[in-house]
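# Architecture at a glance
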Amino acid sequence: EAGVVQSPRYKIIEKKQPVAFWCNPISGHNTLYWYLQNLGQGPELLIRYENEEAVDDSQLPKDRFSAERLKGVDSTLKIQPAELGDSAVYLCASSLNTDTQYFGPGTRLTVL
Amino acid sequence: SQQGEEDPQALSIQEGENATMNCSYKTSINNLQWYRQNSGRGLVHLILIRSNEREKHSGRLRVTLDTSKKSSSLLITASRAADTASYFCATDTGNQFYFGTGTSLTVIP
């Protein structure tokens, strides 16, 4: 069974540029999560989807971050414009309902 | 802010010894999960314990949950060098999901 796929694995951009991350969850998983993880800290939930619906986006900075999950499968997370403080690892995870989460390898974003 | 706090922040032990790490949280939960993260890698689920359970085992892992104290512990017995990683607890409140700050475990061969 294929795991959670994320791309790109690494991204370097200049501040004020836009950036997008893509996630393909495990087949059949209805719940999808986007996390931000800073070095030496635990992941922080940005948004959680149940099928196509964003059921928890309370921690998503909506002035610059947006996300979508078309057809309840793949998801994209966008930052526009990126700021220096957005440098982090962005993790995607999926689960069947809200039990065990399976994580992708993450996208390491560096904003210069 | 994160709900879970792990203790200790860092732990270094000799191979073969047991490792215990603790997690405290603030609000009522549906379940609590432990994850492992090797350096530069994604998180791997270890074990889930529900709010009506007090103890759970999986291989060399033993997890306890005390909902009255809002705390959980993860015990790794007979540690191996391959157990070197960061360990995170994560709480599911039903509405929200929080990871703790993590314990960095180093197992010295």
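Structure first, text after, so check above.
### Digging into the overall build of chain A
A count of helices and strands for chain A gives zero helices and eleven strands. In chain A, the succession of helices and strands from N to C terminus is β-β-β-β-β-β-β-β-β-β-β. Taking 2.2 N^0.38 as the reference for a compact globule, 112 residues should give roughly 13 Å; the C-alpha atoms of chain A span a radius of gyration of 13 Å, in line with that estimate. Over its C-alpha atoms, taken along the principal directions, chain A stretches across nearly 35 × 25 × 25 Å.

### Side note on the state of the cysteines
All names here are of chain B. This structure, assessed with the given rule, holds two disulfides over all chains. The disulfide bridge from Cys23 ends at Cys89, spanning 2.0 Å between sulfur atoms. With the S-S bond torsion at 65°, the cross-link from Cys23 to Cys89 turns out right-handed. Of this pair, Cys23 sits in strand S3 (residues 19–24) while Cys89 is found in strand S9 (residues 85–92), placing the two residues 66 residues apart along the sequence. For Cys23, a relative accessible area of 1% translates into the label buried.

### Here's the deal with the interface of chain A and chain B
Each partner contributes to the interface: chain A provides 19 residues, whereas chain B provides 19 residues. Around 1400 Å² of area is buried between chain A and chain B when both sides are counted, 44% of it from carbon and sulfur atoms. At the surface where chain A touches chain B, the tally comes to zero salt bridges. Where chain A meets chain B, there are three residue pairs in polar contact (both at pLDDT 80 or more). Secondary-structure elements contributing two or more residues to the side of chain A that touches chain B are strand S4 (31–37) and strand S5 (44–50) of chain A. Broken down by element, the residue count for the side of chain A that touches chain B peaks at three residues, all from S5(A).

### Describing the nonpolar core
Core analysis: the biggest nonpolar cluster contains 22 residues, and A:Phe21, A:Trp34, A:Leu46, A:Leu77, A:Ile79, A:Tyr90 and A:Leu109 have the highest contact counts within it. Listed by contribution, the elements that provide at least two residues to this core are strand S3 (19–24), S4, S5, strand S8 (75–79), strand S9 (88–95) and strand S11 (107–111) of chain A. Sequence-distant contacts of A:Ile79, that is, excluding residues within four places in its chain, are made with A:Gln17, A:Pro18, A:Val19, A:Phe21, A:Arg64, A:Phe65, A:Asp86, A:Tyr90 and A:Leu109. Residues B:Met21, B:Leu46, B:Leu61 and B:Val63 belong to the second largest nonpolar core, which totals 21 residues.

### With respect to the pairing of strand S6 (residues 53–56) of chain A
Bridging between S5(A) and S6(A) involves three bridges; their strand directions are antiparallel. Bridging across to S6(A), A:Tyr49 finds its partner in A:Ala54.

### A short note on the sheet that holds S8(A)
Residues and elements named next belong to chain A. Strand order across the open sheet formed by four strands is S1-S3-S8-S7, with antiparallel pairing between neighbours. With one partner strand each, in any of the chains shown, strand S1 (5–7) and strand S7 (65–68) form the two edges of the open sheet. Neighbour-to-neighbour, the strand axes of this sheet turn through a mean angle of 15°, independent of strand direction.

### Topic: the sheet that holds strand S7 (residues 61–66) of chain B
All names here are of chain B. Reading across from one edge, S1-S3-S8-S7-S6 is the order of the five strands in this open sheet, with antiparallel pairing throughout. The open sheet is flanked by strand S1 (5–7) and strand S6 (55–58), the only strands paired with a single partner. Averaged over all pairs of adjacent strands, the angle between strand axes in this sheet comes to 15°, irrespective of strand direction. In terms of strand pairing, S3 meets strand S8 (residues 71–76) through six bridges, oriented antiparallel. Directly across from Met21, in S8, lies its bridge partner Leu74.

The rules behind the values
- Residues numbered from 1 in each chain as written.
- Chains lettered and ligands numbered in written order.
- Predicted model: local features only at pLDDT ≥ 70, side-chain atom pairs only at ≥ 80, totals over all residues.
- Heavy atoms only, no water.
- Helix = DSSP H or I, 4+ residues; strand = E, 2+ residues; numbered from the N terminus.
- Rg over C-alpha atoms; globule rule 2.2 N^0.38 Å.
- Disulfide = S-S within 2.5 Å.
- Buried < 20%, exposed > 50% of the residue type's maximum accessible area, 1.4 Å probe, protein only.
- Contact = heavy atoms within 4.5 Å.
- Buried area = accessible area lost by both parts, 1.4 Å probe.
- Salt bridge = Lys/Arg side-chain N within 4 Å of Asp/Glu carboxyl O.
- Polar contact = N/O pair within 3.5 Å; in protein donor to acceptor, adjacent residues only side chain to side chain.
- Core = buried A, V, L, I, M, F, W, Y, C linked by side-chain atoms within 4.5 Å.
- Pairing = 2+ DSSP bridges.
- Axes fitted to C-alpha atoms, helices over the stretch in contact; angles between N-to-C directions.

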